[in-house]
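Structural features, examined
As a plain string of letters, each chain reads:
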Amino acid sequence: MTTAAPATATVASAPWGVVGQEHAVRALRSAIEADRLAHAYLFIGPHGSGRATLARRLARALDCESPTNDGDGPEPCGECRPCRLIEAGAWPDVERITIGGVCDVREHRDHQADGSTRIRICQVRRLERVASLAPTSSRRRIFIIDTADDLQTEAAHALLKLLEEPPATATLVLLATDVLELLPTVRSRCQEIVLRPLSAAALAAALDQVEAEAGSAPLDPFERDEVARLAHGRFGRALELLRDPSLRMLRETAAAEALEAASSTRNERLDMAQTMSQRWFKERESVIAGLDVWRDVWREALHAAAGLERATTEADSIRCTPAEAARALSAVQTAREHLLDNTNPQLALEVMMLDLPLLPAREQAAGDDRREEDRSSA
């Protein structure tokens, strides 16, 4: 299991303002201080764990006009022009490469409109060209690939060439959720930094501190603890859930669908797959976000079935073996990958549904529990 990060004293005092990732900031500050910055980094962690924030703060530490230094490395001021523009995504020498981004092919200029689900090879070829140029306002250019999991296979191979012959004035920062989705050769040419989840108690304390530092009213303890539980140790995700209650409602809906699928018949599952595939053509991001929730539910079910944890979550309603939960988790992940690879959506979702284990209905499972209790008390 991944070791949870310790609590920070306050949010404002966290190094580089990255909560719960002191080990990561310490490694980067040390590299800057010793002038041993790697040409490529791989920041590993789920959405909301602080990967993108850490990448921006690395850029700020390199370009800040008034940094402080306590002996461990630079601490950007956050107030100078480079710091403000980097945080706003407007600094000329810091570029984020993501799905739907620009390239140099005239016919491909609008990847937002063409339904791209991956970072394309034409985007990486543009990255190669721009990375070879001298910085305009900084000592080096920073390129943030968000996320490297989303690279087309051809794009990943093109990126490998850049990693093998990196320009002297460029640093690449790859963000990734699942490193198994990366080419081993790409991964081996990057210095890896794994972002750790906070414990539930540490995350709840950090959320309280955020509100205190903002001068807001104290959080309702139940709401705070619920947000901390749903965020699974991810400070950024917890803030999203706290500030946008609609995200929690969407999550509850997706979790309910995951539970429904767990106890549905094959025909009912195929109907669900058809409905989801129809949504895919209109609401791709919503479908992917829903599958991410399904993945969370089955991961929690796996932990519970294996006796690793027993949280009061939707997964408690799923009665399954560790093998069944692992099979379901794999099915959801595979379907997600196939959708992003532009596989026929109905086929991908039908295969997922048929690969899910057939589990008893929740009402039946509850009845089984009651009968077992009756036998024990007899």
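Below you will find a few notes about this structure. All of these numbers come straight from a predicted model, not from anything done at the bench.

Examining the overall build of the protein chain
The helix and strand tally for the protein chain stands at 15 helices and seven strands. Summed over its atoms, the accessible surface of the protein chain is roughly 18600 Å², and 50% of this surface lies on carbon and sulfur atoms.

Quick notes on the pairing of strand S5 (residues 141-146)
The buried fraction of S5 is high, at six of six residues. Residue alternation in S5 divides its side chains into two sets, Arg141, Phe143 and Ile145 and Ile142, Ile144 and Asp146, and both sets are buried. Bridge count for strand S4 (residues 94-97) against S5 is four bridges, and the pairing is parallel. Bridge pairing in S5 links valine 94 to isoleucine 142. Taken together, the six bridges between S5 and strand S6 (residues 170-176) define a ladder with parallel strand orientation. Looking at the pairing, isoleucine 145 lines up with leucine 174 of S6. For the handedness criterion, the β-α-β arrangement of S5, helix H5 (residues 153-164) and S6 is classed as right-handed.

Remarks on the pattern of salt bridges
Using the criterion set out here, one finds 21 salt bridges in the structure. Put simply, glutamate 95 and arginine 126 hold a salt bridge, and the shortest N to O gap is 2.4 Å. A residue pair is termed long-range when its members are at least 10 positions apart, and glutamate 95 in strand S4 and arginine 126 in helix H4 (residues 121-131) qualify at 31 residues. Accessibility expressed as a relative area gives 16% for arginine 126, which makes it buried. A salt bridge links arginine 118 to aspartate 341; the shortest N-O distance between them is 2.9 Å. Of the two residues, arginine 118 is situated in the loop between S4 and H4 and aspartate 341 in the loop between helix H13 (322-340) and helix H14 (345-355); the sequence distance between them amounts to 223 residues. Classification of arginine 118 as buried rests on a relative accessible area of 9%. Exposure remark for aspartate 341: the relative accessible area of 45% places this residue in the partly exposed category.

A word on the sheet that holds S6
Sheet architecture is open: five strands sit in the order S4-S5-S6-S1-S7, paired in parallel fashion. The open sheet has two edge strands with one neighbour each: S4 and strand S7 (191-194). Pairs of neighbouring strands in the sheet enclose a mean axial angle of 20°, with direction left out of account. Of the strand pairs in this sheet, strand S1 (residues 40-44) and S7 are connected by four bridges, and their pairing is parallel. Directly across from leucine 42, in S7, lies its bridge partner glutamate 192. Seen against the sheet, H5 touches S1, S5 and S6 and runs at an angle of roughly 140° to S6.

A short note on the side chain of aspartate 296
Tracing the backbone through its elements, the reader meets aspartate 296 in helix H12 (residues 284-305). Contact partners of aspartate 296, with chain neighbours within four places excluded, come to His232, Arg234 and Arg251.

Side note on the packing of helix H11 (residues 266-280) against H12
Where H11 meets H12, the axes come as close as 7 Å, and the angle between the chain directions of the two elements is 135°. With respect to their mutual orientation, H11 and H12 come out oblique. Listed contacts from H12 to Met272, Met276, Arg279 and Trp280 of H11 are Arg284, Ser286, Val287, Ile288, Leu291 and Trp294. Among the residues making up the contact of H11 with H12, the classes are represented as seven nonpolar, one polar and two charged.

Let's talk about unusual backbone geometry
In this chain, aspartate 146 is followed by threonine 147 through a cis amide linkage whose omega measures 0°. The phi dihedral of tryptophan 16 falls on the positive side, at around 60°, and the residue is not glycine. Within the secondary structure, tryptophan 16 sits in the segment before helix H1 (22-33). Taking the relative accessible area as the measure of exposure, tryptophan 16 reaches 2% and is therefore buried. Even without glycine at this site, histidine 232 takes up a positive phi of about 55°. With a relative accessible area of 31%, histidine 232 lands in the partly exposed category.

Overview of the nonpolar core
One recurring pattern in soluble globular proteins is that nonpolar side chains are buried together. Ranked by size, the top nonpolar core spans 34 residues in total, and within it Trp294, Trp298, Ile318, Met352, Met353 and Leu356 carry the most contacts. Of all the secondary-structure elements, those providing two or more residues to this core are helix H10 (245-262), H11, H12, H13 and H14. Every residue in contact with methionine 352, bar those within four places of it in the chain, is listed here: Leu291, Trp294, Ala331, Val332 and Ala335. With 28 residues, the next largest nonpolar core counts Ile119, Val130, Ala170 and Ala176 among its residues.

A word on the pairing of S6
Burial runs high along S6: seven of the seven residues are buried. By the alternation rule, side chains of S6 split into Ala170, Leu172, Leu174 and Ala176 and Thr171, Val173 and Leu175, which are all buried. Bridge count between S1 and S6: five bridges; the pairing is parallel. Pairing of phenylalanine 43 across the sheet is with leucine 175, part of S6.

Some points on H11
For H11, spanning 15 residues, the distance from its first C-alpha to its last is 21 Å, which sits close to the expected 21 Å at 1.5 Å a residue. Buried residues of H11: Arg269, Met272, Ala273, Met276, Ser277 and Trp280, and no others. The buried residues of H11 occupy an angular sector of 135° when the element is viewed end-on, so they sit on one face. Of the surrounding elements, those touching the buried residues of H11 are H10, H12, H13 and H14.

Reading the values: the criteria
Each residue is numbered by its place in its chain's sequence as written, counting from 1. Two thresholds apply to this predicted model, a pLDDT of at least 70 for residue-level local features and 80 or more for giving and counting side-chain atom pairs, whereas whole-chain, interface and lining totals are computed over all residues. Think of the side-chain values as coming from all heavy atoms in the structure, minus any hydrogens and water. Secondary structure follows DSSP: runs of H or I at least 4 residues long count as helices, runs of E at least 2 residues long count as strands, and numbering of each begins at the N terminus. For every accessible area listed, the method is Shrake-Rupley and the probe measures 1.4 Å; residues are considered covered only by the protein chains on display. Summary of the burial criterion: residues with accessible area below 20% of their type's maximum are buried, those above 50% are exposed, and those between are partly exposed, where the area comes from a 1.4 Å probe applied to protein chains only. Pairing between strands is defined by DSSP: at least two bridges between them are needed. Orienting the strands away from the viewer, one traces the path from the first strand over the helix to the second; a clockwise path indicates a right-handed crossover. By definition here, a salt bridge exists when the distance from a side-chain nitrogen of Lys or Arg to a carboxyl oxygen of Asp or Glu is within 4 Å. Every angle, taken between N-to-C directions, lies between 0 and 180 degrees, and every axis is a line fitted to C-alpha atoms, over only the stretch in contact when it is a helix. By definition in these notes, contact holds between two residues if any of their heavy atoms fall within 4.5 Å. An angle counts as roughly parallel when it lies under 35 degrees, as roughly antiparallel when it exceeds 145, as roughly perpendicular when it falls between 65 and 115, and as oblique in every other case. For this classification, Asp, Glu, Lys and Arg are treated as charged, while Ala, Val, Leu, Ile, Met, Phe, Trp, Tyr, Cys and Pro are nonpolar and the rest, including Gly, are polar. Here, nonpolar core refers to any group of buried Ala, Val, Leu, Ile, Met, Phe, Trp, Tyr and Cys residues whose side-chain atoms link them within 4.5 Å. Helix span is expected to be 1.5 Å times the residue number reduced by one. Relevant arc is that of directions from the helix axis to the C-beta atoms, nothing else.

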